[in-house]
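# Understanding the architecture of this molecule
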Amino acid sequence: MSKNRRGTGSLDYRLLIVEDDPADWELFSEAVKHENLPLQLSYLQQGKEVVPQLTQWHQEDKACFPDLMLLDLNLPDQDGREILRQLRSKPELATLPVVIFSASKSSDDVVSCYRAGCNCFIVKPNTWKGFYGVVSTIFSYWFDFAELPDHLLEV
Amino acid sequence: MSENRVKLHVLLVDDDEGDTFIIEDLLEELSYDLKLNIARNGLEAFQYLQTHEEPDLILLDLNMPRMDGRQFLQKKLTMPEYQHIPVVVLTTSDAQRDIDQTYATGCNSYLIKPSGIRELLKTLEMIGTFWGKVVLRPHEPEDSEQEARI
């Protein structure tokens, strides 16, 4: 059920990963290649870059705006929940689906992330095989199965 | 042995008795334990939430009398005690405007309700895999093994 992205002519989906550890970027990149997923990845390392970058893309470069964002809960500079609250308070960014990715299994963290507006919460697997499986399932669910909001439409 | 099977408690909010009957009929075929409770509209859904054990997930149709899906989502946004319960919209409309507006009202995910039984079974299996196995729910026990078992 791939959708043609308007304006780019590309059939790839865009996934923004907000994660401070570049080693994890490698894992994501390897997972996408290994699973042969039509996904273009972009990365941000700091929480404080998220809202300005998304805003800039939305206003000036819609082709770069992601279809889905994976957000590490525990970035060194900013808590993922605070980033979620900022996103949900801006109409042009509020519908971007956000998957929280975290090493934490604490139910307080899970509850507070759903309350802050995440779409779902996934625990980071600690094996590469588990990692590949999760990336593949995120793709299957969010891009092949679920319907996504369209950010290229004017709000 | 049902101990190792994924268990998912779902509140299905849908006024269409034909559709809910088919889903109930498919429960036995699923590879996981889906405990299903049904509410016929948004108002009944809130009544259920006030008086019963909290579900892991709400499956929500959009077009219902008395309180429709979007009205339910809007009201849910004002109720902190239910904020953390994920809502997956399962509805027949594939109009992009409906999809966008529903995400804007705070649904966690939007799925098209398929018309065929086989496709509906696949949909229910995917819901169980993603929301039952891969995703961590607010009530997941802290010592559970939440490695992706895909």
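Let me begin by describing the structure that accompanies this report. Bear in mind the structure is a predicted one, so any value in this text is a computation, not a measurement.

In this complex, chain B contributes 32 residues to the contact, which on the side of chain A involves 34 residues. Of the roughly 2,800 Å² buried where chain B meets chain A, counting both sides, 63% is carbon and sulfur surface. When the buried area of chain B at its contact with chain A is split by residue, Tyr103, Phe130 and Leu136 of chain B rank highest and sum to 21% of it. Viewed at the interface, chain A and chain B are joined by 11 residue pairs in polar contact (both at pLDDT 80 or more). Among the elements of the structure, α4 (96-104), β5 (109-112) and α5 (117-134) of chain B are those that each provide at least two residues to the side of chain B that touches chain A.

A word on the nonpolar core. Leu54, Met69, Tyr141 and Trp142 of chain A together with Trp131 of chain B are the most contacted members of the largest nonpolar core, which has 99 residues in total. Per-element accounting of this core gives the leading share, 10 residues, to helix α5 (residues 128-145) of chain A. Apart from residues lying up to four places away in sequence, Tyr141 of chain A is in contact with Ala146 of chain A together with Val88, Ser109, Leu111, Met126, Phe130 and Trp131 of chain B.

Attention now goes to the sheet that holds strand β3 (residues 57-60) of chain B. All names here are of chain B. If you walk across this open sheet you meet the 5 strands as β2-β1-β3-β4-β5, and the pairing is parallel. Sheet topology places β2 (33-39) and β5 at the edges, where each strand pairs with a single neighbour. Taking each pair of neighbouring strands and ignoring which way they run, the sheet shows an average axis angle of 25 degrees. As paired elements, strand β4 (residues 87-91) and β5 share 4 bridges and run parallel to each other. In the strand pairing of β5, Leu90 is matched with Leu111. Its contacts with the sheet place α4 against β4 and β5, and it is angled at close to 150 degrees to β5. Each of β1 (7-13), β3, β4 and β5 is contacted by α5, which is oriented at about 120 degrees to β1, the strand it contacts most.

Calculation rules
- Residues numbered from 1 in each chain as written.
- Chains lettered and ligands numbered in written order.
- Predicted model: local features only at pLDDT ≥ 70, side-chain atom pairs only at ≥ 80, totals over all residues.
- Heavy atoms only, no water.
- Contact = heavy atoms within 4.5 Å.
- Buried area = accessible area lost by both parts, 1.4 Å probe.
- Polar contact = N/O pair within 3.5 Å; in protein donor to acceptor, adjacent residues only side chain to side chain.
- Helix = DSSP H or I, 4+ residues; strand = E, 2+ residues; numbered from the N terminus.
- Core = buried A, V, L, I, M, F, W, Y, C linked by side-chain atoms within 4.5 Å.
- Buried < 20%, exposed > 50% of the residue type's maximum accessible area, 1.4 Å probe, protein only.
- Pairing = 2+ DSSP bridges.
- Axes fitted to C-alpha atoms, helices over the stretch in contact; angles between N-to-C directions.

Interpretation note: all reported values are geometric properties and have no functional meaning in isolation.
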